[in-house]
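# Structural features, examined
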Amino acid sequence: MSLVLLAIATGVVAGWIRGGDLARVAGARVHGWPLLALGLGARLLVGALGPVNAAPLVACAIVGLLVVALRNAHLVGVPIIVIGMTANLSVLLLNGTMPVDPDALVAAGLVDRADVDTVEVTGARHRMDDDARLRFLADVIPVPGFRRVVSFGDLVMLVGVADAVANQMCRRRRSRPLPPGGDAVLLSISPPIPGPPGLELDLRVVDRDEPWEPALPRPFQTRSATPAQDWGMAPSP
């Protein structure tokens, strides 16, 4: 959990450097909030209590979070999270539980070298043996400062979380879509004046990829009366 908070903080700092606003993160459209809450709750429960035979619960939690991520793949950074979760889920399904490298446990400061052969790993993990599959994707990366051992998929997900937070802080509001059927947009109409030329239309060609806003109507056009007009003579006093 501490690494996730670090990733979020990194994303916030990166967003501020780019001129983003943290309030925009709250306005992001995230689909599947209930499933997201259940998946995160299950992972936190396993991490806190370390129950026996927790692999099925962790696998279900990852699948639920993966479904939520796929539904929100339109958000920048979320596809990176999908890659990390897919890597972790693959290792978990092929091995039953997540293999943990004993040497990584020692490097992270979790156990002493003398006790590495007798240490027991709880939760959805087991000590790596020669039969482990996808060993390079297992928990083999020590993080001494946090006393953690993580996988390559975990690092990818952390990068995705930081990227998603930073980009949501810097996202722009959607521009109003152009009407279908052409690029010429009527921006303003001048009010008619007596006689010709009638209406004056202000047509402009705009790029569909660029945001646009309708122009304000132009001020009323006035003309001074003269003794003779195109449509007749002015009455004599």
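Please refer to the structure placed before this passage.
Our subject in this report is the structure included herewith.

### Observations regarding the overall build of the chain
A tally of regular secondary structure across the chain gives seven helices and eight strands. Of the contacts formed within the chain by residues at least 6 apart in sequence, a portion of 65% connects residues at least 24 apart. When the accessible area of the chain is evaluated, it comes to approximately 15400 Å², of which 62% is carbon and sulfur surface.

### Re the pattern of salt bridges
All chains considered together, the criterion is met by two salt bridges. Among the salt bridges present, the one from Arg-113 reaches Asp-103, with a minimum N-O distance of 2.9 Å. Residue Arg-113 is found in the loop between helix H6 (102-107) and strand E2 (125-127), and its partner Asp-103 is found in helix H6; the two are separated by ten residues along the sequence. With its nearest N and O atoms 3.1 Å apart, the salt bridge here joins Asp-139 to Arg-125. Of this pair, Asp-139 sits in the loop between E2 and strand E3 (141-143) while Arg-125 sits in strand E2, and the two are 14 residues apart along the sequence.

### With respect to helix H4 (residues 55-71)
Taking 1.5 Å per residue as the helical rise, H4 with its 17 residues ought to reach 24 Å, and the 24 Å between its terminal C-alpha atoms agrees with that figure. Looking at H4, one finds that the buried residues are Ala-55, Val-58, Ala-59, Ala-61, Ile-62, Gly-64, Leu-65, Leu-66, Val-68 and Ala-69.

### Structural notes on unusual backbone geometry
Despite not being glycine, Leu-134 shows a phi value in the positive range, around 50 degrees. Here Leu-134 lies in the loop between E2 and E3. One non-glycine residue, Arg-147, lies in positive phi territory at about 50 degrees. Examined against the element boundaries, Arg-147 turns out to sit in the loop between E3 and strand E4 (148-150).

### A closer look at the packing of helix H5 (residues 78-95) against helix H7 (residues 152-169)
Here H5 crosses H7 at 160 degrees, and the two axes come no closer than 7 Å. Judged by the inter-axis angle, H5 sits roughly antiparallel to H7. Relative to H7, H5 is oriented so that their crossing is left-handed. The segment H5 lies against H7, with Ile-80, Ile-81, Ile-83, Gly-84, Met-85, Ala-87 and Asn-88 engaging Gly-153, Asp-154, Val-156, Met-157, Gly-160, Val-161 and Asp-163. Of the residues assigned to the contact of H5 with H7, the class counts are eight nonpolar, four polar and two charged.

### Section: a nonpolar patch on the surface
A contiguous nonpolar patch, built from Met-1, Val-4, Leu-5, Ile-8 and Leu-44 and spanning about 430 Å² of accessible area, is present on the exposed surface. When residues in the nonpolar patch are grouped by element, the largest group, three residues, is from helix H1 (residues 2-17). By the secondary structure assignment, Leu-44 is in helix H3 (residues 33-49). Among the residues examined, Leu-44 registers a relative accessible area of 47% and is labelled partly exposed.

### Some words on a positive patch on the surface
Together, Arg-24, Arg-29, Arg-171 and Arg-172 make up a positively charged patch on the protein surface. Mapping Arg-29 onto the fold places it in the loop between helix H2 (23-26) and H3.

Parameters and conventions
Residue indices follow the written sequence of each chain, beginning from 1 at its first position. Since the coordinates come from a predicted model, pLDDT governs what is reported: local features require at least 70, and pairs of side-chain atoms require 80 or more to be given and counted, while whole-chain, interface and lining totals use all residues. As a rule here, side-chain values cover all heavy atoms of the structure and leave hydrogens and water aside. Strands here mean DSSP runs of E at least two residues long; helices mean DSSP runs of H or I at least four residues long; both are numbered from the N terminus. Contact criterion: two residues are considered in contact whenever any of their non-hydrogen atoms come within 4.5 Å of each other. Only the protein chains shown count as cover for residues, with accessible areas throughout obtained via the Shrake-Rupley method and a probe of 1.4 Å. Basic side-chain nitrogens of Lys or Arg form a salt bridge, by our definition, when they fall within 4 Å of a carboxyl oxygen of Asp or Glu. Given the number of residues in a helix, its expected span is that number minus one, multiplied by 1.5 Å. Three exposure classes are used, based on accessible area relative to the maximum for each residue type with a 1.4 Å probe and protein chains only: buried under 20%, partly exposed in between, and exposed over 50%. In this analysis an axis means a line fitted to C-alpha atoms, helices contributing only their contacting stretch, and an angle means the value between N-to-C directions, from 0 to 180 degrees. Any angle that falls under 35 degrees is termed roughly parallel, while one over 145 is termed roughly antiparallel, one within 65 to 115 roughly perpendicular, and all others oblique. Note on convention: the crossing is left-handed when the near helix lies turned anticlockwise from the far helix by less than a right angle, right-handed when the turn is clockwise. For this scheme, ten residues count as nonpolar: Ala, Val, Leu, Ile, Met, Phe, Trp, Tyr, Cys and Pro. Four count as charged, namely Asp, Glu, Lys and Arg, and the remainder, Gly too, count as polar. A patch consists of residues whose relative accessible area exceeds 30% and which take part in no salt bridge; residues with like charges are grouped when within 9 Å of each other, and nonpolar side chains (Val, Leu, Ile, Met, Phe, Trp, Tyr) when within 5 Å. Counted as positive: Lys and Arg. Counted as negative: Asp and Glu, with His and the chain ends omitted from the count. In plain terms, the charge of a residue is placed at NZ if it is Lys, CZ if Arg, CG if Asp and CD if Glu.

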